[in-house]
Amino acid sequence: MPPPDTAGPDTGLDDVQEIRRADPAWLTQVLGIRVEGFEEEVIGVGRGFVSTTTRLRLRTDPPGCGPAAVVLKSESANPVFQGLSRQLRAFEREVRFYRELAPPLADQLPRVHGCSDGDDDHWLLMDDLSALRPGDQVRGLSQEEVRAVLRRIARVHARYWQDPGLQERPWLPCHTFWFTGDFTEVLPAFERDYALRLGDAAMDLIRAAVARNDAIEAALRQRPWTLVHGDLRADNLLFGGPADDPVATILDWQTVTRSLAAIDVVFLIGGSEPVAERQGHVEELLDLWHRELVAAGVNGYGPLEARRDLQLAALRCLNVCLRVYGFLQDPAAPPRVALLNDTELQRHAAAALELRAQEALDALPG
């Protein structure tokens with residue numbers, strides 16, 4: 001997810017809490033092999049903000065008795081980002097996802113060798129997938145990459161479609177996204193800075209969506225629900241295979257929630273696919289995702305219903321524009337972060353127009 005502003009949330013943390021550090025004895029215990037030492041390298045700088053990801057190249061006895069390298073994902077050492085992580089219960093959500101919900105999806109996810117089980121020690125030890133190609137939010141995804149991700153996420157959606165077991169997991173929030181909120185107070189400044197860049201149609205839709213925020217939220221809660229990633233974007237994706245037929249791996253399940261499946265679809269194509277690449281392809285992307293749902297066993301959910309849900313999701317995802325606008329006010333933001341937020345904002349506004357989200361707005365009660 002994008003970083004918070006410099007003020008950060010009210011975390012209640014005066015100082016950063018100690019984060020998990022690797023050592024040979026600990027790795028030996030977790031992996032069940034003798035680890036004599038390792039070389040470490042921090043990876044993913046500027047892409048993940050509520051965690052630190054470190055690649056550990058292992059020296060084992062005997063050599064080659066285990067993985068050549070693993071990745072340790074732990075909390076950020078930055079107190080603001082660590083506070084945000086704990087406010088969102090990000091590690092609890094991700095750890096419990098891998099423990100309780102990931103097993104049926106194991107062929108689509110990185111292998112987890114171990115994970116934390118305490119309230120103050122948050123970490124995951126996973127396979128090293130550095131041989132795969134990382135997605136890049138600023139560059140954006142190709143049409144082929146988007147299609148590969150939709151095939152993957154549709155299987156997740158189908159596996160947990162209206163599954164009552166999701167309602168029995170108190171750690172799994174409902175319709176909770178990092179871009180949820182009332183942005184009435186932000187709107188005037190946003191309009192001042194972006195009205196000329198987005199155009200009248202996009203600004204009219206954004207104003208209307210902010211004004212009807214509660215109605216959009218109520219409509220969202222009436223729709224079929226499933227397991228939703230909640231932050232499905234290029235920086236959370238890896239790709240293998242040839243460029244014209246890639247295979248996607250979805251990472252970073254820290255924002256997993258129970259909600260409308262179409263949120264993931266719109267968040268992906270609206271935030272990570274450049275407008276020029278996406279234009280004219282929305283219908284085929286909708287058709288692909290819906291066909292994959294049906295093929296994986298989702299019944300009674302027709303293409304017209306799926307289209308309307310995409311429009312509703314596009315209305316909800318317009319909040320991203322206003323949330324990341326707030327992040328842009330941070331003068332200390334690195335250039336890539338500022339460019340990422342500005343790019344994501346404009347892509348989501350354009351996607352809402354292309355999906356004709358106004359139709360879903362007009363259909364709201366009242």
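Residues numbered from 1 in each chain as written. Predicted model: local features only at pLDDT ≥ 70, side-chain atom pairs only at ≥ 80, totals over all residues. Heavy atoms only, no water.

A word on the overall build of the chain. Of the regular secondary structure elements, the chain holds 14 helices and 10 strands. Each of the 366 residues in the chain was classed as buried or not, and the buried ones make up 53%. For the chain, the exposed surface amounts to about 15700 Å²; the carbon and sulfur share of it is 50%. (Helix = DSSP H or I, 4+ residues; strand = E, 2+ residues; numbered from the N terminus. Buried < 20%, exposed > 50% of the residue type's maximum accessible area, 1.4 Å probe, protein only. Areas by Shrake-Rupley, 256 points an atom, 1.4 Å probe, with all protein chains shown as cover.)

What follows deals with the sheet that holds strand 1 (residues 34-43). Read from one edge of the open sheet, five strands run 1-2-3-5-4, paired in antiparallel fashion. Of all strands in the sheet, those bounded by a partner on one side alone are strand 1 and strand 4 (112-115). The mean inter-strand angle of the sheet, taken between neighbouring strand axes irrespective of direction, is 25°. For strand 1 and strand 2 (residues 51-61), the ladder comprises nine bridges, and the chain directions are antiparallel. If you follow E39 over to strand 2, its bridge partner there is R57. Here helix 1 (residues 24-31) sits on the sheet and contacts strand 1, strand 2, strand 3 (69-75), strand 4 and strand 5 (123-127); the angle it forms with strand 1, its principal contact strand, is near 105°. In this fold helix 3 (residues 90-101) packs onto strand 2, strand 3, strand 4 and strand 5, with an angle of close to 45° to the strand it touches most, strand 5. (Pairing = 2+ DSSP bridges. Axes fitted to C-alpha atoms, helices over the stretch in contact; angles between N-to-C directions. Contact = heavy atoms within 4.5 Å.)

With an omega of 0°, the peptide bond between D61 and P62 qualifies as cis. With respect to the secondary-structure elements, P62 resides in the loop between strand 2 and strand 3. Look at Q162: it is not a glycine, yet its phi comes out positive at around 55°. Inspection of the secondary structure assignment puts Q162 in the loop between helix 4 (143-159) and helix 5 (164-167). When its relative accessible area of 36% is taken as the criterion, Q162 is described as partly exposed.

Now for the packing of helix 9 (residues 262-271) against helix 13 (residues 335-354). Running from N to C, helix 9 and helix 13 point in directions that differ by 120°, and their axes come no closer than 8 Å. Crossing of helix 9 against helix 13: the hand is right-handed. Contacts between helix 9 and helix 13 involve V266, F267, G270 and G271 on the former and, on the latter, E344, R347, H348 and A351. Class assignment of the residues belonging to the contact of helix 9 with helix 13 gives a composition of three nonpolar, three polar and two charged. (Left-handed = near helix turned anticlockwise from the far one by under 90°. Nonpolar A, V, L, I, M, F, W, Y, C, P; charged D, E, K, R; others polar.)

Further remarks concern the packing of helix 4 against helix 9. Across the interface, helix 4 lies against helix 9 with an axial gap of 10 Å and an inter-helix angle of 165°. The angle between the axes of helix 4 and helix 9 places the two elements in the roughly antiparallel class. Where helix 4 crosses over helix 9, the two elements pack in a sense that is right-handed. Note on element contacts: helix 9 touches helix 4 through D264, V265, L268 and I269, opposite V146, V149, L150, I153 and H157. Classifying every residue of the contact of helix 4 with helix 9 gives seven nonpolar, one polar and one charged. (Parallel < 35°, antiparallel > 145°, perpendicular 65-115°, else oblique.)

With the rule as written, the count across this model stands at 30 salt bridges. One salt bridge in this structure joins K73 and E94, with 2.9 Å as the shortest N-O distance. Residue K73 is located in strand 3, and its partner E94 is located in helix 3; the two are separated by 21 residues in the primary sequence. A relative accessible area of 3% places K73 in the buried class. Residue class for E94 comes out buried when judged on its relative accessible area of 1%. The partner of R197 in a salt bridge is D342, and the shortest N-O contact between them spans 3.0 Å. Of the two residues, R197 sits in helix 6 (residues 187-198) while D342 sits in helix 13, which places them 145 residues apart along the sequence. (Salt bridge = Lys/Arg side-chain N within 4 Å of Asp/Glu carboxyl O.)

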